[in-house]
Amino acid sequence: MTVIEPAPRPVPASVPSLAARTGAVGGSPVRDILAVTARPEVINFAGGLPAPELFDRDAVAAAFRDVLAETPASALQYSTTEGEPSLRTGLAERMSARGLGTDADDLLVTTGSQQGLSLLAGALLDPGDTVLVEDPCYLAALQVFGLAGARVVAVPGDAEGVDPRALEELVVRERPKLFYAVPTFQNPTGRTLPAGRRAAVAEVAARCGVWIVEDDPYGELRYEGERVPWIAAYPGAEDRTALLGSFSKVMAPGLRLGWLRAPAALRRACAVAKQAADLHTPTLNQLAAARCLGTLDAHVARVRDVYRERRDAMLAGLAQALPEGSAWNRPEGGMFLWARLPQSYDTTELLPQVVRHDVAYVPGAPFYAGEPDRATLRLCFVTQTPEEIGEGLRRLREGLR
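Notes on the structure follow. Each chain has its residues counted from 1, following the order in which its sequence is written. Where local features are concerned, this predicted model is filtered to residues with pLDDT of at least 70; where side-chain atom pairs are given and counted, the filter is 80 or more; whole-chain, interface and lining totals use all residues. No hydrogens and no water enter the side-chain calculation; it runs on all heavy atoms of the structure.

## Here we look at the sheet that holds strand β12 (residues 336–340)
Here, any two strands with at least 2 DSSP bridges between them count as paired. Helix numbers and strand numbers start at the N terminus; a helix is a DSSP run of H or I with at least 4 residues, a strand a run of E with at least 2. Here we have four strands laid out as an open sheet, ordered β11-β12-β15-β14, and antiparallel in their pairing. Edge positions in the open sheet fall to β11 (327–328) and β14 (362–363), since each of these has one partner strand only. Examined bridge by bridge, β11 and β12 share two bridges and lie antiparallel to one another. Following the sheet pairing, tryptophan 328 is matched in β12 by alanine 339.

## Structural notes on helix α8 (residues 164–174)
Each residue is assigned to one of three classes by its accessible area relative to the maximum for its type, calculated with a 1.4 Å probe on protein chains only: buried under 20%, partly exposed between the two thresholds, exposed over 50%. Pro164, Ala166, Leu167, Leu170, Val171 and Glu174 are the residues of α8 that are buried. For α8, the angular spread of buried residues about the axis comes to 155 degrees, placing them on one side. In α8, the exposed positions that point more than 90 degrees away from the buried face belong to Arg165, Glu169 and Arg173. Contacts were defined at the residue level, with two residues in contact if any of their heavy atoms lie within 4.5 Å. Contacts made by the buried residues of α8 are with β3 (130–133), β4 (151–154), β6 (161–162), β7 (178–181) and α9 (195–208). You can read the cap of α8 off the contacts: a side-chain oxygen lies 2.9 Å from the backbone nitrogen of arginine 165, and it is on aspartate 163. Where α8 ends, the next residue or the one after it, arginine 175, has phi of about 50 degrees, a positive value. Note that the arc is defined by the directions from the helix axis to the C-beta atoms. Polar contact is the term for a pair of N or O atoms within 3.5 Å; when the atoms are in protein, one must be able to donate a hydrogen and the other to accept it, and sequence-neighboring residues count only if both atoms are side-chain atoms.

## A look at the side chain of arginine 310
With respect to the element layout, arginine 310 can be found in helix α11 (residues 283–321). Residue arginine 310 is classed as buried on the basis of its relative accessible area, which comes to 5%. Separated by 3.5 Å, the side chain of arginine 310 and the backbone oxygen of threonine 383 make a polar contact. If sequence neighbours within four positions are ignored, arginine 310 has contacts with Ala51, Glu53, Phe381, Val382, Thr383, Gln384, Thr385, Pro386 and Ile389.

## Observations concerning the pairing of β3
The side-chain alternation of β3 yields two buried faces, one formed by Thr130 and Leu132 and the other by Val131 and Val133. Direction of pairing for β3 relative to β4: parallel, over a ladder of four bridges. Across the sheet, residue valine 131 finds its bridge partner in β4, namely valine 152. A crossover links β3 with its parallel partner β4, the connecting element being helix α7 (residues 139–147), and its sense is right-handed. Judged from the three bridges that link them, β3 and β7 form a sheet pairing that is parallel. Counted as the bridge partner of valine 131 is leucine 178 from β7. Whether a crossover is right-handed depends on one test, that the path from the first strand over the helix to the second runs clockwise when the strands point away from the viewer.

## With respect to the pairing of strand β10 (residues 258–261)
Along β10, one buried face is formed by Gly258 and Leu260 and the opposite face, lined by Trp259 and Arg261, is buried too. In terms of strand pairing, strand β2 (residues 107–110) meets β10 through four bridges, oriented antiparallel. Considered in β10, the bridge of leucine 108 is made with leucine 260. In this structure, strand β9 (residues 241–246) lies alongside β10, joined through four bridges in antiparallel fashion.

## Here we look at the nonpolar core
In this structure, Leu125, Phe145, Tyr180 and Phe247 are the most contacted members of the largest nonpolar core, which totals 102 residues. It is α11 that provides the largest number of residues to this core, a total of 15 residues. Beyond its immediate chain neighbours, meaning those up to four positions away, tyrosine 180 contacts Leu117, Leu132, Val133, Glu134, Cys137, Tyr138, Ala141, Phe145, Val213 and Asp215. Each nonpolar core is a collection of buried residues, namely Ala, Val, Leu, Ile, Met, Phe, Trp, Tyr and Cys, held together in the definition by side-chain atoms within 4.5 Å. Within the second largest apolar cluster, 22 residues are counted, among which are Leu132, Val171, Cys208 and Val228.

Next up, the structure:
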């Protein structure tokens, strides 16, 4: 009997390598810290997480029930890339009431404002283009620009935000495509750019020819002081500003709903990019959110009252929690507080030691596009109760010793 030996299995060839940009851009340190500190006993000041007990669960649940009961065919069907008309109309009315005249057709609904930022990067940036950012800057924006292959340059500033004169010098010298900013209750610092500087930024954009990407996820969370108009509302910025908004901080991040307001040509380019990404944002979520707009202001007012108390609790305990010689700001709103320890401290190196005391923060270094200030850290004050904040600061004091 003849025995037929099986043919040797061929050695598989290696698959092609990943795109170079994926290796050049690291993961989010915030997400990494949240994974490490997911234990329930950890008091986590690291994440930018809204307080889940404050979600308007009844209103959201009722909205979903009503949409599915009344318009199930359209709610479960494909939709237009631009977004549901009822949601865009409601958003346009809210923006117009706040001083920025907006029509529904001026808006593109996005799957979270983070997608809006990615769409803008895809529509505006070619590899090697220069982007100007605040110093420090929203971490996920640095990731987006890095994946787009952009060269990122930080604009100097101070406790009030970016310096318009430094911005103009860099625009003239670097010829960037865009300047990205979170002017109101900035992430990570919590600072707010004053009206005079906003007007000056708009003038720089008009005079020197640069796009402004204005990100505003926190603007409705104001606890004191007067509202400052969007940069997009100032003369000179009208035809060169893309304004991003989000329901994540005022309704629920799990809905993944944001929007983009931009001049027509840029908005159309972003719509094409969105078609390639996900066709459209979930129809059901959009229709439910549109129904929640009528009660959103009252809900946000309740959330603001709670968050104001939590901010004050953190401010009241910082002097005892942080080493002598530390400094911190008093944000007028938002979710974050920025602190700087004495120069001998490195908050990245200290973090593992602090986590052993069941508390966490985000080191400041990853938020810098240029040379980092390693003595800085970001604290989120909205997720825990005042009592938990007090205990967390006590643990932080012990961890920093």
